[in-house]
Amino acid sequence: MIEYKQFKKLDADYVLGQVKIFLDEDIPAGDKTTLGTVLSSQTVRAEIQAVEHLVFSGSEVIPHCFDDDTGVNLHAHDGDELVEGDIIGEITGNAASILSRERVMLNLIQRLCGIATQTKVYAELAKPYGVKILDTRKTSPGLRLLEKYAVTCGGGYNHRLNLSEGILIKDNHLKAAGSVEAAVKNIRTIYPTLPVELEVDTHSQIKAGLSVGVDGFLLDNMHPEKIRESLDIIRCFA
């Protein structure tokens, strides 16, 4: 089975670097509203609260969205199921700093919790059948690691992180190479140690892939009955 690195933890320096980019985008020359209305000495205690049922994802992100003088106390752990009204955590510190940074934090956490929550739905549906739910590279630019981390929070699994990490021969590659056999031969000549995955939409492509020893298949947009037939072909060969 093809396996890739799982992003259940995030590097703190990476998160800090990304948050800095997001804050620079949102506050390029100071938060004029906050600077004009809030005393620089004012402190505040704020709560992060769930407003609907969700799977939490964000303990690796929230603490890095605020400055070093801000206290962050989280009550939820990644993967926890929360309901409306649950307190995710408290933020205490300088009011102006918290007001200026809260939206970036909320935008990120809403996104991550949404991914984790939806992933959980499919992961639970698939679990009784021994099926794992994998993610894709169809992520928001600049948020890939964060979104893949959210998938693991919801009980899903990470597929390849990027185009350099693994081989997935798709339909356009097959058109360019001429055939499954030619594509796999070319790949194995250049990258002999990497596992090869093949995207297929016909049984003949599956049989061609099996004949040249591919390591995995992506069954592309198949009807459930065709998926069953495809699995029978693959299992019979194995």
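See the structure shown above.
Residues numbered from 1 in each chain as written. Predicted model: local features only at pLDDT ≥ 70, side-chain atom pairs only at ≥ 80, totals over all residues. Heavy atoms only, no water.

S.K.: Provide a residue-level description of the sheet that holds strand β5 (residues 87–94), including the pertinent values.
M.R.: The strand order across the open sheet formed by three strands is β1-β5-β3, and the pairing between neighbours is antiparallel. Of all strands in the sheet, those bounded by a partner on one side alone are β1 (43–49) and β3 (71–74). The average undirected angle you get between the axes of adjacent strands in this sheet is 15°. Strand direction decides the pairing type here: β3 and β5, joined by four bridges, are antiparallel. (Pairing = 2+ DSSP bridges. Helix = DSSP H or I, 4+ residues; strand = E, 2+ residues; numbered from the N terminus. Axes fitted to C-alpha atoms, helices over the stretch in contact; angles between N-to-C directions.)

S.K.: Give a detailed account of the packing of aromatic side chains, specifying residues and quantitative values.
M.R.: Taken as a whole and assessed by the stated rule, the structure comprises zero aromatic pairs. Positioned above the aromatic ring of Y157, the side-chain terminus of K132 is 4.6 Å from the ring centre. (Phe/Tyr/Trp six-rings, centres within 6.5 Å; stacked < 30°, edge-to-face > 60°. Lys NZ or Arg CZ within 6 Å of the ring centre and 35° of its normal.)

S.K.: Which residues make up the packing of helix α3 (residues 95–126) against helix α4 (residues 144–153), and what are the values?
M.R.: One way to put it is that α3 packs onto α4 with a least axis distance of 7 Å and a crossing angle of 40°. Taken together, α3 and α4 sit at an angle that is classed as oblique. Seen along the crossing, α3 lies across α4 with a hand that is right-handed. Two secondary-structure elements touch here, α3 through L108, R111, L112, I115, A116 and T119 and α4 through L146, E147, Y149, A150, V151 and C153. (Parallel < 35°, antiparallel > 145°, perpendicular 65-115°, else oblique. Left-handed = near helix turned anticlockwise from the far one by under 90°. Contact = heavy atoms within 4.5 Å.)

S.K.: Please provide a residue-by-residue account of unusual backbone geometry, values included.
M.R.: The phi dihedral of N221 falls on the positive side, at around 50°, and the residue is not glycine. Relative to the helices and strands, N221 resides in the loop between β8 (216–219) and α8 (224–237). Judged by its relative accessible area of 74%, N221 falls in the exposed class. (Buried < 20%, exposed > 50% of the residue type's maximum accessible area, 1.4 Å probe, protein only.)

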